[in-house]
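If you want the building blocks of each chain, they are given just below.
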Amino acid sequence: MLAYSCARRGAAIACLGIGIIGGTWSAPALARVELGLPATQAQVTIGCLYPMTGRAAIYGKDSVAGIKLALAELAAEADAPRLRVIVDDDRSKASYAVRMAEDFIAHDKARFLCGMVSSGVAQAVSKVALKNKVVMVGTDHASSRLTIEGLHPYYFRVSNDSYTSMAAGARYLAELQKKTGWKRLAYIGPDYDYGHVSWSDFQSNLEHLGVRYESVGMFWPKLYEPDYSAYIQAMLKAEPDIVVTSLWGGDFVAFLKQARTTDFFTRIRLANFDTGGNYEVMLSLGDKPPPGLILSARHHNNWPDTDTNRRFVETFRQAEGRFPTYAAEGAYSGIMAIARAVTKAGGATDMGAVITALEGLELHLPEDPDGFNSFIDPDTHQIVQTQAVGEVVANTAYPPAKVMLGKWTVYGAEDLRPLPELVRSRRAKAAGAVELIE
Amino acid sequence: MNVGALPPARMRRLTDMTTFYAILMDGMIYASWLFLVAAGLTVIYGVMRILNMAHGSFYAIGAYSAASLVGWYFSSNGEANPYWSYAILVGCALLAGLVVGFVIEQGLLRFMYKRNELLMVIVTYALLLILEDATKLVFGVDPYFTYQPYSLLGRSMIGELAFANYDLALVGASVVVGGLCWFVLNRTHTGKVLRAVIHDREIAVAMGVNVRLMFAGTFIVGTTLGALAGALTAPSISVSPGIGVEVIVLAFAVVVVGGLGSIEGAVVGALLVGLTRSMAVHLAPEIELFVIYGVMSLVLAVRPQGLFGRTVARKI
């Protein structure tokens, strides 16, 4: 008879369980969608990666809808390139996304990669793009690390990054300080690259603007945290005048829900400059939003009030039966940017020509106010756009949401670009760190 | 003037009674939620020796059922009494747990009870994947928001601190669930029979105990507890795909720390994880995630069977 510990065996099985659960998102996805022309007729194949499962699935779904809108627009143009777009589920897992990106390139002969919601996933796939010398166009992740420290010739991004959003936010708060004299600031962001880079971008912008403030707390909940009560109490205790957050999606909604049952909003103003103005958040606020919210997002359904934006939002609504989140406009912009670059370069066979075409490429996008076109900065490969920061106001024009953003403060695109010295300094620091490691 | 958080400030905070109460209350609230999530998992393992990987899916099903029904209740009954939404929350969790638990136990698990524990991990993992996709097919990927039951109860001041009454009610709910589990196991005839099954399944069968019925009942109770945890959490979060997978890892951490299959262990595990995490959030937020798994690793290093797990000799 061999005796051994039954309970230890149980613990070992439990650890196996945790391992399997951890690997759940690495299981094969079943969500491949092929859009545009079939392989035999297409001039260019684009492989897109979005989460179709898990918490960020709504962004994947809206991105597919945005891609369809772009393809429909291009199909109506006589001289537009013939595109085939494959979209698959990256399950928000870097290792899985890397494998899929390599499959796109090897088996589907993709010349472009696009998409990605998670900055962590995007950084991993960006390395695949560099290794295989294919162009990657980011549409929905925001860490500025990708366009500053981690930039390579094949990476471009067509949605606002954390630097742009935080530059707008810092300007807003600088102006607010002149009116209200706020001093104490706290930050809460998800504990991964995007959260940390957003805070760093925000601080560098405040410093650049000469805003004097006291940082009274930084909080780093894990992504998809269900319970924010401890953070809310810790922030109330720290007594900041303003809390800046980069929580996004369901996390931001959960934070708002939980904070509104305390006296958080009577004592503190909450600002979310990158994702807080998303339609999903407006929907969750119901008809009694908490006071004092300062929000923005990478695209707004009700700003700018231009024909292009109205048409984009309405076409989306007609196709999908609901209003879009900002992910749709990002994906739409990505496909339009690739199409215009291919046209400008005279095809996609010469990647050098495509890169040259993308650098400085001008696009008129739904989030561009009249008289302004977005353009891609040749130095950072980051799209340069205006940004509007707003407050929550009653608005029933976008049902079922009962509120939308309004009372806009708009910041010009040129003001939101990182200074060349800052870009150089961040790149030099990163290069120094790499040398040190080596 | 950007001074950040300095170590002396942390030291001051340690001696601050308000912070102490905040840590205590936040830790209790988080521990209650953790216990609600982990209770069903530990009940099923304790009786059936099945490490139910699909437990997170039951949590998700409970959350989706509650969020969709309560959402419908508020949108279609403008004049309705909002307090009925709590009955809907609990009612749909019970219904979802009973139906899903019964179907899975009768349709799948009862054919596999004599199989190896490891095989059951794989079977329930497959179930998790199926239920994840089934949930997505039924409810879609759009998030569901049900804020009314959370905000309806208002808040209470405890000293200088404001707490949502819903969160405090959650503490009460977890005490009720834990107390009921303990009472049934220790003070009822069914509980005695269950303990006999836990102690020695073969002898229990020889004594005329209907083990299959006990297993079916236990699984349905475990499933219902998972669904109840999801339903009670739904008003405070955005219910969207993947929520089940996220909680199951924490639930495993709790039951491993406490000792698999032990209700008392789940209580202590939840309290330990909850209070440690709360302390980290208030005093050293940058290491919050680390401390949860740090505690788990430390406990497993000292007591691999968990705090309340028993080492039992077993023939192989």
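Residues numbered from 1 in each chain as written. Chains lettered and ligands numbered in written order. Predicted model: local features only at pLDDT ≥ 70, side-chain atom pairs only at ≥ 80, totals over all residues.

### Brief notes about the overall build of chain B
Thought 1: Secondary structure summary: chain B contains 13 helices and four strands in total.
Thought 2: Taken against the 2.2 N^0.38 rule, which gives 20 Å for 316 residues, the C-alpha radius of gyration of chain B at 21 Å falls within 12% of a compact globule.
Thought 3: Long-range pairs, those at least 24 residues apart, make up 77% of the contacts in chain B with a sequence separation of at least 6. (Helix = DSSP H or I, 4+ residues; strand = E, 2+ residues; numbered from the N terminus. Rg over C-alpha atoms; globule rule 2.2 N^0.38 Å. Contact = placed C-beta atoms within 7 Å.)

### A closer look at the overall build of chain A
Thought 1: Within chain A, the regular secondary structure consists of 14 helices and 16 strands.
Thought 2: The C-alpha radius of gyration computed for chain A amounts to 22 Å, which stays within 12% of the reference 22 Å derived for 438 residues, consistent with globular compactness.
Thought 3: By residue count, 58% of the 438 residues in chain A fall in the buried class.
Thought 4: Taking the intrachain contacts of chain A between residues at least 6 apart in sequence as the baseline, contacts between residues at least 24 apart amount to 71%. (Buried ≥ 20, exposed ≤ 12 C-beta atoms within 10 Å, placed from the backbone.)

### Looking at the environment of A:T306
Residues and elements named next belong to chain A.
Thought 1: The topology assignment puts T306 in the loop between β11 (294-295) and α11 (307-320).
Thought 2: By C-beta crowding, T306 is classed as partly exposed, having 17 other C-beta atoms within 10 Å.
Thought 3: Between the alpha carbons of T306 and Y231 there is a distance of 40 Å; along the sequence they are 75 residues apart.
Thought 4: The residues contacting T306, other than those within four sequence positions of it, are P369 and D370.

### Some details on the pairing of strand β3 (residues 161-164) of chain B
All names here are of chain B.
Thought 1: Sheet topology note: the strand β2 (residues 155-158)/β3 ladder contains four bridges and is antiparallel. Bridge pairing in β3 links I158 to L161.
Thought 2: Between β2 and β3, which pair antiparallel one after the other, the connecting turn spans two residues, and G159 there sits at a positive phi close to 65 degrees. (Pairing = 2+ DSSP bridges.)

### Concerning the domain arrangement of chain A
Residue and element names in this part refer to chain A.
Thought 1: Split by domain assignment, chain A resolves into domain 1 (25-161 + 307-384) and domain 2 (163-302 + 387-420).
Thought 2: Put simply, the middle of domain 1 and the middle of domain 2, counted by C-alpha atoms, are 27 Å apart.
Thought 3: Taken together, the contacts link 26 residues of domain 1 with 25 residues of domain 2.
Thought 4: Elements supplying a minimum of two residues to the side of domain 1 that touches domain 2: α4 (119-132) and α12 (326-345).
Thought 5: Residue contributions to the side of domain 1 that touches domain 2 peak at three residues, all from α12.
Thought 6: In the side of domain 1 that touches domain 2, the residues fall into 11 nonpolar, eight polar and seven charged. (Domains from an automatic or database assignment. Nonpolar A, V, L, I, M, F, W, Y, C, P; charged D, E, K, R; others polar.)

### A short note on the confidence of the model for chain B
Thought 1: Averaged over every residue, the pLDDT of chain B is 87; the share at 70 or more is 93%.
Thought 2: Quick note on the complex model: pTM equals 0.84, ipTM equals 0.74. (pLDDT = per-residue confidence, 0-100.)

### Section: the environment of A:W408
All names here are of chain A.
Thought 1: Take W408: it is sitting in strand β16 (residues 403-411).
Thought 2: Along the backbone, W408 and V211 are 197 residues apart, and their C-alpha atoms lie at a distance of 22 Å.
Thought 3: For W408, the residues in contact, after removing those within four places along its chain, are W303, A388 and G390.

### As for the sheet that holds strand β7 (residues 184-188) of chain A
All names here are of chain A.
Thought 1: Strands sit in the order β8-β7-β9-β10-β11-β15-β16 across an open sheet of seven strands; the sheet is mixed. Every other strand in the sheet has two partners, leaving β8 (214-219) and β16 as the edge strands with one partner each.
Thought 2: Judged from the two bridges that link them, β11 and strand β15 (residues 387-394) form a sheet pairing that is antiparallel. What sits directly across from L295, in β15, is G390.
Thought 3: On the sheet, helix α7 (residues 229-238) packs against β7, β8 and β9 (242-245) and is oriented at approximately 170 degrees with respect to β8. (Axes fitted to C-alpha atoms, helices over the stretch in contact; angles between N-to-C directions.)

### Description of the sheet that holds strand β6 (residues 155-157) of chain A
Residue and element names in this part refer to chain A.
Thought 1: Pairing is mixed in the open sheet, where six strands are placed in the order β1-β3-β2-β4-β5-β6. Each end of this open sheet is capped by a strand with a single partner; those strands are β1 (33-36) and β6. Strand-to-strand twist across the sheet, computed as the mean angle between neighbouring axes with direction ignored, equals 20 degrees.
Thought 2: Strand direction decides the pairing type here: strand β4 (residues 112-115) and strand β5 (residues 135-138), joined by four bridges, are parallel. Residue F112 lies in a different strand from β5, and its bridge partner there is V135.
Thought 3: α4 contacts β2 (44-50), β4, β5 and β6 of the sheet and is inclined by roughly 160 degrees relative to β5.

### Looking at the pairing of strand β10 (residues 269-272) of chain A
All names here are of chain A.
Thought 1: Alternating positions in β10 separate into two faces, R269 and A271 on one and L270 and N272 on the other, with burial throughout.
Thought 2: As paired elements, β9 and β10 share three bridges and run parallel to each other. From the neighbouring strand, I242 faces β10, where its bridge partner is R269.
Thought 3: In terms of strand pairing, β10 meets β11 through two bridges, oriented parallel. Within β11, the residue paired with N272 across the bridge is L295.

### Quick notes on the packing of α7(A) against helix α2 (residues 17-48) of chain B
Thought 1: The contact between α7(A) and α2(B) brings their axes to 9 Å, and the two run at 165 degrees. By the angle between their directions, the pair α7(A) and α2(B) is classed as roughly antiparallel. When you trace α7(A) past α2(B), the crossing you get is right-handed. Mapping the contact onto sequence places A:S229, A:A230, A:Q233, A:A234 and A:K237 in α7(A) and B:T18, B:T19, B:A22, B:D26, B:I29 and B:Y30 in α2(B).
Thought 2: Classifying every residue of the contact of α7(A) with α2(B) gives five nonpolar, four polar and two charged. (Parallel < 35°, antiparallel > 145°, perpendicular 65-115°, else oblique. Left-handed = near helix turned anticlockwise from the far one by under 90°.)

### Quick notes on unusual backbone geometry
The bulk of non-glycine residues show a negative phi, and the bulk of peptide bonds are trans.
All names here are of chain A.
Thought 1: Along the chain, W303 connects to P304 via a cis peptide bond; the corresponding omega equals -5 degrees.
Thought 2: With respect to the helices, strands and loops of the structure, P304 is situated in the loop between β11 and α11.
Thought 3: Cis rather than trans, the peptide bond between P399 and P400 has omega equal to 5 degrees.
Thought 4: Counting through the fold element by element, P400 comes out in the loop between β15 and β16.
Thought 5: One non-glycine residue with positive phi stands out, namely K109, at about 55 degrees.

### A short note on α2(B)
Residues and elements named next belong to chain B.
Thought 1: The terminal C-alpha atoms of α2, which comprises 32 residues, lie 45 Å apart, in line with the 46 Å expected from a rise of 1.5 Å per residue.
Thought 2: Along α2, the largest kink reaches about 35 degrees and is centred on A38.
Thought 3: Counted residue by residue, α2 has 27 buried out of 32 residues, so it is predominantly covered. (Expected span 1.5 Å × (residues − 1). Bend = angle between axes of the 7 residues up to and from the residue.)

### Structural notes on the nonpolar core
Thought 1: A:V125, B:L34, B:A38 and B:V254 are the most contacted members of the largest nonpolar core, which totals 235 residues.
Thought 2: Here this core takes 20 residues from α2(B), the largest share from any one element.
Thought 3: Each of domain 1 (25-161 + 307-384) and domain 2 (163-302 + 387-420) of chain A accounts for three or more of the residues forming this core.
Thought 4: Leaving out residues up to four positions away in the same chain, B:V254 has contacts with B:L34, B:A38, B:A266, B:G269, B:A270 and B:V273. (Core = buried A, V, L, I, M, F, W, Y, C linked by C-beta atoms within 7 Å.)

### Here we look at the packing of α2(B) against helix α7 (residues 165-187) of chain B
Packed helix pairs are specified by the crossing angle of their axes together with the interaxial distance, meaning the distance between the axes.
Residue and element names in this part refer to chain B.
Thought 1: Where α2 contacts α7, the axes come no closer than 8 Å and their chain directions differ by 35 degrees. Seen along the crossing, α2 lies across α7 with a hand that is left-handed. Residues M28, I29, S32, W33, F35, L36, A39 and V43 of α2 pack against D167, L170, V171, A173, S174, V177, G178 and C181 of α7.
Thought 2: Here the contact of α2 with α7 is composed, by residue class, of 12 nonpolar, three polar and one charged.

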